[in-house]
Every structure is written in structure tokens, then in C-alpha cells.
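Breakdown of the fold
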Amino acid sequence: MKKAWIHLMASLPVAGTTILLMKGTARVKRGKVRSALISELTLLAEAEQIECGSIHVKQVQGRGDRLTFYGIPEALHQRFRNVWNANR
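What counts and how
- Residue numbering note: each chain is counted from 1, following its sequence as written.
- Residue-level local features of this predicted model are given only where pLDDT is at least 70; pairs of side-chain atoms are given and counted only at 80 or more, and the full residue set underlies all totals for whole chains, interfaces and linings.
- Each side-chain value is derived from all of the structure's non-hydrogen atoms; neither hydrogens nor water enter the calculation.
- The way it works is that DSSP assigns letters per residue, a run of H or I at least four long becomes a helix, a run of E at least two long becomes a strand, and they are numbered from the N terminus.
- Here the term buried applies to any residue with accessible area under 20% of the maximum for its type, exposed to any over 50%, and partly exposed to those in between, with areas from a 1.4 Å probe on protein chains only.
- A contact between two residues is defined here by any heavy atoms of the two lying within 4.5 Å.
- Under the convention used here, a 1.4 Å probe and the Shrake-Rupley method define accessible areas, while residue burial counts only the protein chains that appear.
- Confidence scores here are pLDDT values: one per residue, from the predictor, ranging 0 to 100.
- For this quantity, the arc is that covered by the directions from the helix axis to the C-beta atoms.
- Between any two strands, pairing holds if DSSP finds at least two bridges.
- We call a set of buried Ala, Val, Leu, Ile, Met, Phe, Trp, Tyr and Cys residues a nonpolar core when their side-chain atoms join them within 4.5 Å.

To continue, consider the overall build of the protein. Scanning the protein from N- to C-terminus turns up three helices and four strands. Listing the helices and strands of the protein from first to last along the sequence gives α-β-β-α-β-β-α. When the 88 residues of the protein are sorted by exposure, 39% land in the buried category. A separation threshold of at least 6 residues defines the contact pool for the protein, and within that pool the share at least 24 residues apart is 49%. When the accessible area of the protein is evaluated, it comes to approximately 5500 Å², of which 49% is carbon and sulfur surface.

Here is the structure:
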């Protein structure tokens, strides 16, 4: 059920950019993302053994990007934010 719910959330237009993490691999579902960022997200997802998750990114005017995570443990959110900010 968790995988189906995450796939559904990844397909909905809730953010400008959506990245789906499946079996340690990151792929862009919506928006444009640099290939270097996808490679780094894949390395992190693989190292942390993320089976299924998604990252939704909204641009907030004057504040940068707002990342929302589904299926990713809360303890890893900051690591994903660091990778995002270092490679965006």
C-alpha cells in the first residue's frame, strides 16, 4: 500500500519538481533537474537503502526551495536537503 500511495503522490501535480526514489534509484517525474543532482540523490538513496520515496520541490519566492518528503525517514531529511542545496 505504501508504494502505491507514494506513486500516486509522485504523479499528482502538487509541486513544480517531483523526484521518485525506487529501490535506491532517483528519477525525475516532473520538472527539470541537473543530472549531477540526480546522481547524488541516487547515491544517497542507495547508501541509505531507500526502497520507495518521493521528494516534492516548490520554489518559494525570496526563500529558495521547499522540499517535502514522502516515504523517507525523518532522520534523513536534512541529508537530502544538503544534497539538494549543494547540487541544485
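Once the structure has been displayed, the description carries forward.
Now for unusual backbone geometry. Within the chain, K23 stands out as a residue other than glycine whose phi angle is a positive 50°. Of note, K23 is situated in the loop between β1 (17-22) and β2 (25-30). Residues other than glycine seldom take positive phi values, yet Q49 does so here, at roughly 55°. Mapped onto the secondary structure, Q49 falls in the loop between α2 (35-47) and β3 (52-60).

Confidence along the protein averages 86 in pLDDT terms, with 85% of residues attaining 70 or more. Mean pLDDT across the elements of the protein bottoms out in helix α1 (residues 2-11) (63) and peaks in α2 (94).

Moving on: helix α3 (residues 77-87). Taken as a whole, α3 has its buried residues at H77, F80, V83, W84 and N87. End-on, the buried residues of α3 take up no more than an arc of 130°, which puts them together on one face. Where α3 is buried, its residues touch β1, α2, β3 and β4 (64-70).

Alignment of β3 against β4, held across seven bridges, turns out to be antiparallel. Following the sheet pairing, K58 is matched in β4 by R66. A loop of three residues connects β3 with β4, the two strands running antiparallel in sequence, and G62 in this loop sits at a positive phi of about 80°.

What follows concerns the nonpolar core. Judged by nonpolar contacts, the single largest core of 18 residues is most densely connected at I19, L21, L41, I55, I72 and F80. Broken down by secondary-structure element, the contributors of at least two residues to this core are β1, α2, β3, β4 and α3. Of all the elements, α2 adds the most residues to this core, at five residues. Those residues in contact with I19 that sit more than four places away from it in its chain are A26, R27, V33, I38, L41, G53, S54, I55 and W84.

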